[in-house]
Amino acid sequence: MKEKLATLSFSDGSPSVDFPVLGGTIGPEVIDVRSLYGKTGKFTYDPGFMSTASCRSNITYIDGDQGILLYRGFPIEQLAEKCDFLEVAYLILNGELPNKEQKLEFDGIVTRHSMVHEQLSRFYSGFRRDAHPMAVMCGVVGALSAFYHDSINIYDERSRDISAFRLIAKLPTITAMTYKYNMGQPFMYPKNKLSYTDNFLYMMFGTPCEEYVPNPVISRAIDRILILHADHEQNASTSTVRLAGSTGANPFACISAGIASLWGPAHGGANEAVLKMLDEIGDIKNIPAFIKRVKEKDGHAMLMGFGHRVYKNYDPRAKLIQKTCHEVLEELDMKDNKLIKLAMELERIALSDDYFIKRKLYPNVDFYSGIVYKALGIPVSMYTAIFALARTVGWIAQWKELIADPEQKIGRPRQLFTGATPRDFVPIGKRK
Ligand code: CMC
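Source: prediction; values computed, not measured.

Enquirer: Whenever I open this one, the overall build of the chain confuses me. Can you help?
Expert: From N to C terminus, the chain includes 18 helices and 6 strands. Radius of gyration (C-alpha) of the chain: 24 Å, near the 22 Å computed for a compact globule of 432 residues. Projected onto the principal axes, the alpha-carbon positions of the chain cover approximately 80 × 70 × 55 Å. For the chain, the proportion of its 432 residues judged to be buried stands at 48%. Once local pairs closer than 6 in sequence are excluded, the contacts in the chain between residues at least 24 apart make up 70%. Surface summary for the chain: the accessible area is close to 22,300 Å², and the carbon and sulfur share equals 54%.

In C-alpha cells:
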C-alpha cells in the first residue's frame, strides 16, 4: 500500500516537507515528525502534549469522545464486572486474560512476594507520624531499589518480571504500612491465604488484638476500584515513569517517580481534593455559591473530580465507581449519607450548567472514589496512595513495554527559548 504522507508548507517560501502518517489499530492517526528538525531546523511546540503521541503502545485505549476505555481491547465495564484485580493485572502485563492454571500461578507468585524486607519497616520511623502518605510512599518505594538489587538489571527479561511481581505484590503491604504508621498501630504482615484485596484490607484494618474478617461487599468494591485505576495510557504519572525509564533508571526508582507525579491535585491527588471540596461546601444550600466561584475562577476554585484531558464525555470509570459507591453505602447502611447527597446534587447542578456543558466537563474517576474510601473510614490523605497501589500495575506494564521497544530513546524534549541572548559577564562591583 502507498505510504500516506502529510505535507508541511511554509508561508515564507521555504520548501515543503513530507512526513509519514502512521495508523494504529484504532484511534487517530499520527504524523511522524521525528525527522522534522533534521529536515527544517524547526521543532514542534506542544506544551502539555495536547497533540503529541509520545510512544507506540498496545496496552490501553481511550476514546475520550465516546467515553470508552479498553485494557488490551476489553471494555472496562466487562473487566470490572467479571474479573478480579489480579486477573486484570495479568491481562495488562501479558496482553491476554489468564486461563485457570495461569491465574493460579500468577496469584501464587504475587502472594509469595507480598512481604517486604524486614529492614524496610525501619524506614518508616524516619518519617514524622503525620507525614503525608504520598511523601512516605515516594520514599519507601524508591528505597526498594536499595533492597532488591538482584532484580534491577533492566536488560534482563527475567529481572524485569521479578521487579514487576515485587512491585505489584509489595505495594499493598507498603500502602497499608504507611496507614498503620500514620495511625500509630503495629504493622500487619501479609497473610497468604487471603486474596490480594482481602489481604490489603486485612493489613489496613486488622490488628494483632482481634481477628479481622473482610466484608465481601467492601472487598469487591475495593477490588473494582483497583481495576478501574489500573492503567490509563499515557497520563502524567505514566509518562513520568516512561521518561524516568528512558534513562535506564531502575523500575523501583521509576515507579517512585510515578508516585510523585500522581500526587498532584490535577491528577491522582484529585480524589483527596474532592473530599476537601465537599467538606468546604458543607451543605447542599452552599452549592450555587461554590459553582459561581468556580465559574468566575475565583481564587483558582475548580470543581475537583470534574474534567479530563482526554474524556470529553462521562468518564466510564466514574459511572462504575458511582454504582460501587451506592453498593457500599447500602451495605454499610449509609444510604442517607450527607456527603453522597451533596456529591450527587453537585454533579446534577454541574451537568446542567452551561459553563460545564460548553467545556465538556464531566465527572471523572476521582469524583466518587473518595466517598467510598470515606465510608470505609479511610483517612482522606490515604486516597491517592490507594490510587498509586492500583496504578503500579499500569506503570510497570508501560515501563516493560518501553524497555522492550526497539524505537525507545531517552526522552529529551526541546524548547522554544525566550530568555536572554548572549551577553558579557559583568563583575559584581560594576552591576547596577
Ligand atoms: N472545574 C472548573 N473548570 C474546569 C475544570 C474543573 N474541574 N476542568 C477544566 N476546567 C475549565 C478550564 O478552566 C478551562 O476553562 P477556559 O476554557 O475558560 O480556560 C477549560 O475547562 C478547559 O480546561 P483545561 O484546563 O484546558 O483542560 P486540561 O485538559 O488541561 O485539564 C484536568 C484537565 C483534569 C487537569 C482539569 O480538568 C482539572 O484540573 N480537573 C480537576 C482535577 C481533577 O479532577 N483531576 C483528575 C483527573 S482524572 C484522574 C487522573 O488523571 O488522575
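Read on for the rest.
Enquirer: Would you take a moment to explain the sheet that holds strand 4 (residues 60–63) for this structure?
Expert: Adjacent strands of a sheet pair through backbone hydrogen bonds, lying either parallel or antiparallel. Strand order in the open sheet made by the 3 strands is 4-5-6, with antiparallel pairing throughout. Pairing within the sheet leaves two strands with one partner each, and these edge strands are strand 4 and strand 6 (74–75). Pairing between strand 4 and strand 5 (residues 68–71): 4 bridges, direction antiparallel. Paired with Asp63 across the two strands is Ile68, which belongs to strand 5.

Enquirer: What am I meant to see in the side chain of Gln398 here?
Expert: Looking at where Gln398 falls in the secondary structure, it is placed in helix 18 (residues 383–404). Reaching out from Gln398, the side chain makes a polar contact with the side chain of Arg242 at a distance of 2.9 Å. Beyond its immediate chain neighbours, meaning those up to four positions away, Gln398 contacts Ser57, Ile59, Asp231, Glu233, Gln234, Thr238 and Arg242.

Enquirer: Is there a simple way to explain the site of the ligand in this structure?
Expert: In the neighbourhood of the ligand, 22 residues make up the surrounding shell, with His267, Leu303, Gly305, Arg309 and Asn364 lying closest. Within the side chain of Lys297, one N or O atom sits 2.9 Å away from an oxygen atom of the ligand. With respect to the ligand, the side chain of Tyr355 contributes an N or O atom lying 2.9 Å from a nitrogen atom. Here the ligand, which alone exposes 940 Å², has 73% of that area covered by the protein. For the shell around the ligand, the per-class residue count stands at 12 nonpolar, 6 polar and 4 charged.

Enquirer: How should I be thinking about the pattern of salt bridges in this particular structure?
Expert: Any two side chains of opposite charge can pair if their charged atoms end up close together. Counted by the stated rule, this structure contains 22 salt bridges. Across the pair Arg34 and Asp32 runs a salt bridge, and its minimum N-O distance is 2.8 Å. The class of Arg34 is exposed, set by a relative accessible area of 57%. When its relative accessible area of 14% is taken as the criterion, Asp32 is described as buried. Its salt-bridge partner being Glu296, residue Lys292 comes within 3.4 Å of it at the nearest N-O pair.

Enquirer: Please clarify how the sheet that holds strand 2 (residues 17–22) should be interpreted in this entry.
Expert: Pairing in this open sheet of 3 strands is antiparallel, and the strands run 1-2-3 from one edge to the other. Every interior strand has two partners, whereas the edge strands, strand 1 (5–8) and strand 3 (30–31), have only one. Bridge count between strand 1 and strand 2: 4 bridges; the pairing is antiparallel. Residue pairing for strand 2: Thr7 is matched across the bridge by Asp18.

What counts as what
Residues numbered from 1 in each chain as written. Predicted model: local features only at pLDDT ≥ 70, side-chain atom pairs only at ≥ 80, totals over all residues. Heavy atoms only, no water. Helix = DSSP H or I, 4+ residues; strand = E, 2+ residues; numbered from the N terminus. Rg over C-alpha atoms; globule rule 2.2 N^0.38 Å. Buried < 20%, exposed > 50% of the residue type's maximum accessible area, 1.4 Å probe, protein only. Contact = heavy atoms within 4.5 Å. Areas by Shrake-Rupley, 256 points an atom, 1.4 Å probe, with all protein chains shown as cover. Pairing = 2+ DSSP bridges. Polar contact = N/O pair within 3.5 Å; in protein donor to acceptor, adjacent residues only side chain to side chain. Near = heavy atom within 4 Å. Nonpolar A, V, L, I, M, F, W, Y, C, P; charged D, E, K, R; others polar. Salt bridge = Lys/Arg side-chain N within 4 Å of Asp/Glu carboxyl O.

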